[in-house]
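An overview of the molecular structure
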Amino acid sequence: MRARRALPAILLLALPVTACTTGPALENQGELTAPPGDSRHLTIGSAGFTESDLLAQMYALLLDRSGYSTKIISVTNREIYEPALESGQIDVVPEYAATFADWLNAKKNGADAAPVGSPDLAATMKALRALAAPRGLTVLDPGRAVDQNAFAVTSAFARKHHLKSLSDLGRSGLPVRLAAGDECVQRPYCAPGLKKTYGIDITAVDPKGVGTTQAKQAVQSGRDQMVLTTTTDATLDQFGLVLLADDKHLQNADYLVPVVNRSRAGSEGVRRALGKLNTVLTTADLARLNEQVDSWRRLPEDVARNYLRSEHLIPAG
């Protein structure tokens, strides 16, 4: 559902996933005894969609301010950028705690492995760090911003039925046709979870995708009553939609976390520089920043710089 840019072919060529020049050898991943590295020249990876571009730009600006020299590359495929992060070809990436924990778990234990990501942030971070460390990766502290699945209805529908949360919707007994991806029928965070956790009467899933324009239009028109989107969706107002609070915490803890290559960017200097963002950046902030890029057509670098200046994390001018 996030806006994505085409990946330049040159970047794919520049990141051969078999190379392992600066990170730990794959056969020695569990034997990391050297002190964390502090390279002064760092490569920051973006996953190529608006939010990731914004975070990469903020990371670069904060690190530059702390005396590092940085460059940003865009690699849209996690199957490519995660091995490059392990090898040290990429030094820092913005990630999502529960999603990345489950991805590393599946990489280690197979696609059918039981998920380790959960709504519990502490448990999710513990599992993520345990999976990341043997690969030479350090997961820094999460901030306040979280990009989770979320559910929205029209503001008129919410007002009419006095809805502020998913619990309110469940108690209302209203039949709900849900615009979402077709996988929603089976995913525990989606239709089954809405029924089990909240008692919501999901009568059908309209397979229009996650947070797509078509899905939002279906709710706006009244064809559907609710849409699956994300907490940082920047376009809800355009469709007259509002989020209902996930007050029983059905969704996983997809808090934003920087992940670094330990041998190159595991130092306290990097941790301090990126940790400054944790004190200010909220989910609402991130939604507004996404909107400036996606709807107002501003450049991610300009939006990121203006935000950090407004929060006094980098100097003006």
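Everything below is about the structure printed above this text.
This one's a predicted model, so the numbers in the text were calculated from it and none came from an experiment.

Cut-offs and rules
Residues numbered from 1 in each chain as written. Predicted model: local features only at pLDDT ≥ 70, side-chain atom pairs only at ≥ 80, totals over all residues. Heavy atoms only, no water. Axes fitted to C-alpha atoms, helices over the stretch in contact; angles between N-to-C directions. Helix = DSSP H or I, 4+ residues; strand = E, 2+ residues; numbered from the N terminus. Left-handed = near helix turned anticlockwise from the far one by under 90°. Contact = heavy atoms within 4.5 Å. Nonpolar A, V, L, I, M, F, W, Y, C, P; charged D, E, K, R; others polar. Pairing = 2+ DSSP bridges. Buried < 20%, exposed > 50% of the residue type's maximum accessible area, 1.4 Å probe, protein only. Salt bridge = Lys/Arg side-chain N within 4 Å of Asp/Glu carboxyl O. Expected span 1.5 Å × (residues − 1). 1 Å grid on protein atoms, 1.4 Å probe; cavity = no way out; pocket = protein on both sides within 12 Å on 5 of 7 lines; lining within 4 Å. Points joined across faces, edges and corners; volume = space filled by probe spheres on them. Parallel < 35°, antiparallel > 145°, perpendicular 65-115°, else oblique.

1. A look at the packing of helix α12 (residues 283-294) against helix α13 (residues 300-310)
- It is at 9 Å that the axes of α12 and α13 come closest, and there the two elements cross at 145°. The two elements α12 and α13 cross, and the hand of that crossing is right-handed. Counting all contacts with α12, which are made through Asp-285, Leu-289, Gln-292 and Val-293, the residues of α13 involved are Pro-300, Val-303 and Tyr-307.
- Of the residues contributing to the contact of α12 with α13, the split by class is 5 nonpolar, 1 polar and 1 charged.

2. Considering the sheet that holds strand β5 (residues 149-154)
- Pairing in this open sheet of 5 strands is mixed, and the strands run β7-β6-β8-β5-β9 from one edge to the other. Both outer strands of the open sheet, β7 (201-207) and β9 (241-244), are each paired with one neighbouring strand and no more. Within this sheet the neighbouring strands show an average axis-to-axis angle of 40°, counted without direction.
- Summarising the sheet, strand β6 (residues 175-180) and strand β8 (residues 226-230) pair through 2 bridges and their orientation is parallel. The partner of Ala-179 across the bridge, within β8, is Val-227.
- Where helix α8 (residues 191-198) meets the sheet, its contacts fall on β5, β6, β7 and β8, and the angle it forms with β7 comes to roughly 165°.
- Strands in contact with helix α9 (residues 213-220) are β5, β6, β7, β8 and β9; relative to β8, the strand with the most contacts, it is inclined by about 145°.

3. Side note on the pairing of strand β3 (residues 92-96)
- With respect to burial, β3 is a largely interior element, 5 of its 5 residues being buried.
- Along β3, one buried face is formed by Val-92, Pro-94 and Tyr-96 and the opposite face, lined by Val-93 and Glu-95, is buried too.
- Two strands pair when backbone bridges link them, and β3 and strand β10 (residues 256-261) are joined in this way by 5 bridges, in the antiparallel orientation. Within β10, the residue paired with Val-93 across the bridge is Val-259.

4. Some remarks on the pattern of salt bridges
- Inspection of the entire model under this criterion finds 16 salt bridges.
- Two residues, Arg-177 and Asp-206, come together in a salt bridge whose shortest N-O distance is 3.8 Å. On the criterion of sequence distance, the pair formed by Arg-177 in strand β6 and Asp-206 in strand β7 is long-range, its members being 29 residues apart.
- Given a relative accessible area of 4%, Asp-206 falls into the buried group.
- Here Arg-305 ties to Asp-302 by a salt bridge, and the two come within 3.7 Å at their closest N and O atoms. Taken together, the residues span about one helical turn, with Arg-305 and Asp-302 both in helix α13 at a distance of 3 residues.
- What you see here is one network of salt bridges that share partners, running through Glu-82, Glu-86, Lys-107 and Arg-135.

5. Describing α12
- Spanning 12 residues, α12 covers 16 Å between terminal C-alpha atoms, matching the ideal 16 Å at 1.5 Å per step.
- Every buried residue of α12 is accounted for by Thr-283, Asp-285, Leu-286, Ala-287, Leu-289, Asn-290, Gln-292 and Val-293.

6. Some remarks on empty space enclosed by the protein
- Applying the stated criterion across every chain, the model contains 1 cavity of 30 Å³ or more.
- The wall of the largest cavity is formed by Leu-55, Tyr-59, Gly-143, Arg-144, Ala-145, Leu-256, Pro-258, Leu-274, Leu-277, Asn-278 and Leu-281.
- Contributing elements (two or more residues each) for the lining of the largest cavity: α2 (50-65), β10 and α11 (268-278).
- By residue number, the principal contributor to the lining of the largest cavity is α11, which donates 3 residues.

7. Some thoughts on the environment of Phe-100
- Note on placement: Phe-100 falls in helix α4 (residues 97-109).
- The buried category is assigned to Phe-100, whose relative accessible area is 0%.
- Put simply, Phe-100 and Val-259 are 159 residues apart on the chain and 9.7 Å apart in space, counted from C-alpha to C-alpha.
- The contact partners of Phe-100, leaving out residues within four places of it in the chain, are Arg-78, Glu-82, Glu-95, Leu-128, Leu-137 and Val-259.

8. Thoughts on the packing of α2 against α11
- Two elements in contact, α2 and α11, have axes separated by 9 Å at closest approach and are oriented at 130°. The pairing of α2 with α11 is recorded here as oblique in orientation. Between α2 and α11 lies a crossing of right-handed hand. Across from Leu-55, Met-58, Tyr-59, Leu-62 and Leu-63 in α2, the residues of α11 making contact are Val-270, Ala-273, Leu-274 and Leu-277.
- Across the contact of α2 with α11, the residue classes tally to 9 nonpolar, no polar and no charged.

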